[in-house]
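Take a look at the letters that make up each chain.
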Amino acid sequence: VLIMMGAIGYGFMVYAITRGALLTTLLNVSTLFSTVPIFVYLLGVIFLKREWRYLILGLLLISIWGVGVLSSGQIIPSLSVFVAGDWWVFASALFEAIWYMGIKLMENKLNSREITVIAQAIATITIFILAVKLGEPLPTISNFLSWQVALGLLIGIIMNVLAPLITIYAFKHFDEVFA
């Protein structure tokens, strides 16, 4: 479960959302990524044997239609207007939902710090291997000498440590879709 969380749920999610952001509009990135709760609910029904509710099904269909309207710009959404970046973002939403399902499955086995450290380490290794396989240039020390880059890294590190801890705390006290 931790390998699935780290590699797919976080590592591939970061890669997919980055690719998507480079290949589509920011409106589509935010709109399509907002489908994470839909995937969380569907994965919960499939893998956690959550009860399927018709009210939720109706609300999901309305949400999917709304996402389609916003991202396609058409009152009757059409997948034909979706570009490659849209599909990358959509995939990242699914990967993020896998991350959340992993947290839900592991919350009674490990504490939040252990889940965060192990899954983030797996994600880091996964993304490093993916970057090398895709021929991405590795950064040099001169890339980190700018104060803007150092500040960005500091904020990124803080957010990557705090966000999973807060998410895991929320899962212990709320339903995973609500959290």
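Cut-off values and rules
Residues numbered from 1 in each chain as written. Predicted model: local features only at pLDDT ≥ 70, side-chain atom pairs only at ≥ 80, totals over all residues. Heavy atoms only, no water. Helix = DSSP H or I, 4+ residues; strand = E, 2+ residues; numbered from the N terminus. Rg over C-alpha atoms; globule rule 2.2 N^0.38 Å. Contact = heavy atoms within 4.5 Å. Areas by Shrake-Rupley, 256 points an atom, 1.4 Å probe, with all protein chains shown as cover. Lys, Arg positive; Asp, Glu negative; His and termini not counted. Charge placed at Lys NZ, Arg CZ, Asp CG, Glu CD. Core = buried A, V, L, I, M, F, W, Y, C linked by side-chain atoms within 4.5 Å. Buried < 20%, exposed > 50% of the residue type's maximum accessible area, 1.4 Å probe, protein only. Expected span 1.5 Å × (residues − 1). pLDDT = per-residue confidence, 0-100.

Enquirer: Explain the overall build of the protein chain residue by residue, including any values.
Expert: Across its full length, the protein chain holds seven helices and zero strands. Element order for the protein chain, N to C, with α for helix and β for strand: α-α-α-α-α-α-α. Relative to a compact globule of 179 residues, whose C-alpha radius of gyration would be 16 Å, the protein chain shows 18 Å and is just as compact. Taken over the C-alpha atoms alone, the protein chain extends approximately 55 × 40 × 30 Å along its principal axes. Within the protein chain, counting contacts between residues at least 6 apart in sequence, those at least 24 apart form 79% of the total. Total accessible area on the protein chain stands at roughly 10900 Å², and carbon and sulfur atoms take up 74% of it. Distance between charge centres in the protein chain, computed from 9 positive and 8 negative side chains, equals 6 Å.

Enquirer: Lay out the nonpolar core with the relevant residues and their values.
Expert: Most often, soluble globular proteins keep nonpolar side chains buried together rather than apart. The biggest cluster of nonpolar side chains holds 31 residues, and the ones touching the most others in it are Met5, Val40, Trp99, Tyr100 and Ile103. For this core, the elements supplying multiple residues, two or more each, are helix 1 (2-23), helix 2 (26-33), helix 3 (36-47), helix 5 (84-106), helix 6 (112-133) and helix 7 (147-173). The biggest single contributor to this core is helix 5, with 10 residues.

Enquirer: Residues and numbers for unusual backbone geometry, please.
Expert: Residue Lys49 is not a glycine yet carries a positive backbone phi of 55 degrees. Of note, Lys49 is situated in the loop between helix 3 and helix 4 (54-72).

Enquirer: Describe helix 4, listing the residues and the values that go with them.
Expert: If you check helix 4, its first and last C-alpha atoms are 27 Å apart, about what 19 residues at 1.5 Å a residue would give, namely 27 Å. For helix 4, the complete set of buried residues consists of Leu60, Val67, Gly68, Val69, Ser71 and Ser72. A positive phi of about 75 degrees marks Gly73, the residue just after helix 4.

Enquirer: Please give an account of the environment of Leu59 that cites residues and values.
Expert: In this structure, Leu59 sits in helix 4. Sequence-wise, Leu59 and Ile38 are 21 residues apart; in three dimensions their C-alpha atoms are separated by 9.7 Å.

Enquirer: Quick one: what's the story with the confidence of the model for the protein chain, residue by residue and with numbers?
Expert: Of the residues in the protein chain, 97% reach a pLDDT of 70 or more, and the chain-wide mean stands at 86. Ranking the elements of the protein chain by mean pLDDT puts helix 7 last with 82 and helix 2 first with 92.

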